[in-house]
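Each chain, written out:
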Amino acid sequence: MNSPPVHKSYRSYGTYLSYVIFTFVLFTSVSAQKKNSCIDCHAKLDDPVISAPAKLFDTDVHKARGLMCNDCHGGDPNADTKEAAKHPSKGYLGKPKTLDIPAYCGKCHSDANLMKRFNPSLRVDQEREYYTSIHGQLLKQKGETRVATCVSCHSVHGIRSPSDPLSSVYPANVAETCAKCHGSADYMRGFGIPSDQFAKYKTSVHAKTLYDKQDLSAPTCNDCHGNHGAAPPGITSVANVCGQCHARQAELFQTSPHKAAFDQKNLAECVTCHGNHAIPKPGDEMIGTHQGAVCIACHTSGDKGFAAAGSMRARIDELILGIHKSTDILDLAERKGMEVSKPKFELKGATDALTHARVLIHSSSTAEVDKVVGPGLEAANKGYQAGESALAELSFRRKGLAVSLVFILFLASLVYLKIRQIERRQARRYDHA
């Protein structure tokens, strides 16, 4: 059954009325959302300690997710007076004490159902993990309020996403954030902890990779110490920390004679030879029996380790020399115009062998090193022979060219003489005529 026709003016009026109602509701909603007496009041205060947080909050990740002051501090942001906004009946909490901060942040960040509304990928065990850290243990067990809490690292009202380059926990900023406490001699004196870690770290190969090359995968403080569960790796765990990135070296060390010796003497793996914060770029000078090599710190002339270190260094030096000789002669041949792209490419087998040999020294086995140095030397010698052949071919070509030029000049001379002979005959005939 068809509906009765609706009068055009009635339909227009109904549309207009709906539009008015929608606009009113939207305006009311937007007005309610925009009104925030906390921000409006604090931003106008002369005291920067109170006004700065209100201004910083504009870039805060929580605000970007739709959260406001009252979501953390309680109170009524729609109230027009200070007393009403901060009335206890509105659940006003104010500034939390240092001892309460982990739980204060954890009331949201430990709630899996709540976090799914804002960031489902974010972990919800940070608070629990924090209390396993040195910071958390000192805070909870001893009431030590000088230790780092959530706000010490993430800041308070200007919290940014860790992927934001301006964030205090962005990879390139983490070390400086930690150094706010750990780089202060006065601050750390009460804990009996050195304060030179950051200064040492800045000289390390890790820092140079992170800062100079902007490689964010390079390790910084939290990669080795952890973040929420921050604790310095001990003798028994430091190798596992290094092994996260240097897996092959760690695997080789576990099967080496050094493993049992280090365990017996209670030495920390990795850091005993490489250091911890001021880790230098590893080089061939570290291995061997010469002055400055790390091997001689434990090994002396006559023991097996001393002999093995000398042998491995000699084999590596031999391969390096072979690669240099091959590279030099191939470069020379290339500069002289010879086609040597294939042997130069095949020389990569020697350089790969060198890289592998440098890793295999962690096995402390001369036999394992020899297994890759041998084929590497063969590849290097093959490259050198290819360079010699290219130069020999160049010499042959030049000699052939010289002979050809002489022959061509000889033929040209014969032609010239023949032409002169013909010209003289023609001249005599002309004279007799």
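Residues numbered from 1 in each chain as written. Predicted model: local features only at pLDDT ≥ 70, side-chain atom pairs only at ≥ 80, totals over all residues. Heavy atoms only, no water.

### Brief notes about a positive patch on the surface
A surface patch of positive charge is lined by Lys418, Arg424, Arg425, Arg428 and Arg429. Along the chain, the position of Lys418 falls in helix α24 (residues 366-432). (Patch = residues over 30% accessible without salt bridge, like charges linked within 9 Å, V, L, I, M, F, W, Y side chains within 5 Å. Areas by Shrake-Rupley, 256 points an atom, 1.4 Å probe, with all protein chains shown as cover. Salt bridge = Lys/Arg side-chain N within 4 Å of Asp/Glu carboxyl O. Lys, Arg positive; Asp, Glu negative; His and termini not counted. Charge placed at Lys NZ, Arg CZ, Asp CG, Glu CD. Helix = DSSP H or I, 4+ residues; strand = E, 2+ residues; numbered from the N terminus.)

### Quick word on the pattern of salt bridges
Here the structure, examined in full by the defined rule, presents 20 salt bridges. Of the charged contacts in the structure, one is a salt bridge between Asp186 and Arg189, with a shortest N-O distance of 2.9 Å. Here Arg189 and Asp186 lie together in helix α13 (residues 185-189), a separation of three residues that amounts to about one turn. Across the pair, Arg189 and Asp186 agree in class, each one exposed. As a salt-bridge pair, Asp196 and Lys200 come within 3.4 Å of each other at their nearest N and O atoms. The network of salt bridges with common partners includes Arg123, Asp125 and Glu129. (Buried < 20%, exposed > 50% of the residue type's maximum accessible area, 1.4 Å probe, protein only.)

### Examining a nonpolar patch on the surface
On the surface, a cluster of nonpolar side chains totalling about 630 Å² of accessible area is made up of Phe407, Phe410, Leu411, Leu414, Tyr416 and Leu417. On the basis of relative accessibility, which here comes to 52%, the residue Leu417 falls in the exposed class.

### A few points about the environment of Thr220
Examined against the element boundaries, Thr220 turns out to sit in the loop between α15 (205-212) and α16 (221-225). For the pair Thr220 and His277, spaced 57 residues apart in sequence, the C-alpha separation works out to 9.6 Å. Residues in contact with Thr220, not counting those within four places in the same chain, are Pro171, Val174, Ala175, Tyr201 and Leu210. (Contact = heavy atoms within 4.5 Å.)

### What about the environment of Asn227?
Inspection of the secondary structure puts Asn227 in the loop between α16 and α17 (238-242). Taking the C-alpha atoms as reference, Asn227 lies 49 Å from Asp328; in sequence the two are 101 residues apart.

### A short note on the packing of aromatic side chains
Summed over all chains, the structure comprises four aromatic pairs. Geometrically, the ring pair formed by Tyr130 and Tyr131 is edge-to-face, given 5.4 Å between the ring centres and 70 degrees between the ring planes. Given a relative accessible area of 7%, Tyr130 falls into the buried group. On the accessibility criterion, Tyr131 (22% relative accessible area) is partly exposed. Both rings, one in Tyr187 and one in Phe191, keep their centres 6.4 Å apart while their planes meet at 40 degrees; by these two values the pair is tilted. On the basis of relative accessibility, which here comes to 30%, the residue Tyr187 falls in the partly exposed class. Residue classification places Phe191 among the partly exposed residues on the basis of a relative accessible area of 23%. The ring of Tyr104 carries the charged tip of Lys107 above its face, separated from the ring centre by 4.8 Å. When the ring centre of Tyr384 is taken as reference, the NZ or CZ atom of Lys325 above it lies at 5.1 Å. (Phe/Tyr/Trp six-rings, centres within 6.5 Å; stacked < 30°, edge-to-face > 60°. Lys NZ or Arg CZ within 6 Å of the ring centre and 35° of its normal.)

### Thoughts on the side chain of Asp60
When you line up the elements, Asp60 lands in the loop between α3 (48-56) and α4 (61-64). Buried and without a salt bridge, Asp60 has Arg160 as its closest oppositely charged side chain, separated by 8.5 Å. One polar contact links the side chain of Asp60 to the main-chain amide nitrogen of His62, over a distance of 2.7 Å. Setting aside residues no more than four positions away along its own chain, Asp60 makes contact with Val156, His157, Gly158 and Ile159. (Polar contact = N/O pair within 3.5 Å; in protein donor to acceptor, adjacent residues only side chain to side chain.)

### Quick look at the confidence of the model for the protein
Residues at a pLDDT of 70 or more form 92% of the protein, whose mean pLDDT is 89. Segment residues 1-11: pLDDT under 50, and one contact once partners within four positions in sequence are set aside and those in other chains are kept. (pLDDT = per-residue confidence, 0-100.)

### A closer look at the packing of helix α18 (residues 247-254) against helix α23 (residues 348-360)
Closest axis-to-axis distance for the α18/α23 pair is 9 Å, and the angle between their directions is 50 degrees. Regarding the angle of α18 to α23, the classification is oblique. Packed against α18, whose contacting residues are Arg248, Gln249 and Leu252, the element α23 presents His356, Val359 and Leu360 at the interface. Class assignment for the residues of the contact of α18 with α23 results in three nonpolar, two polar and one charged. (Axes fitted to C-alpha atoms, helices over the stretch in contact; angles between N-to-C directions. Parallel < 35°, antiparallel > 145°, perpendicular 65-115°, else oblique. Nonpolar A, V, L, I, M, F, W, Y, C, P; charged D, E, K, R; others polar.)

### Some remarks on unusual backbone geometry
A positive phi is found at Ser155, a non-glycine position, where the angle reads about 70 degrees. The phi dihedral of Cys270 falls on the positive side, at around 70 degrees, and the residue is not glycine. With respect to the helices and strands, Cys270 occurs in the loop between α19 (257-265) and α20 (271-274).

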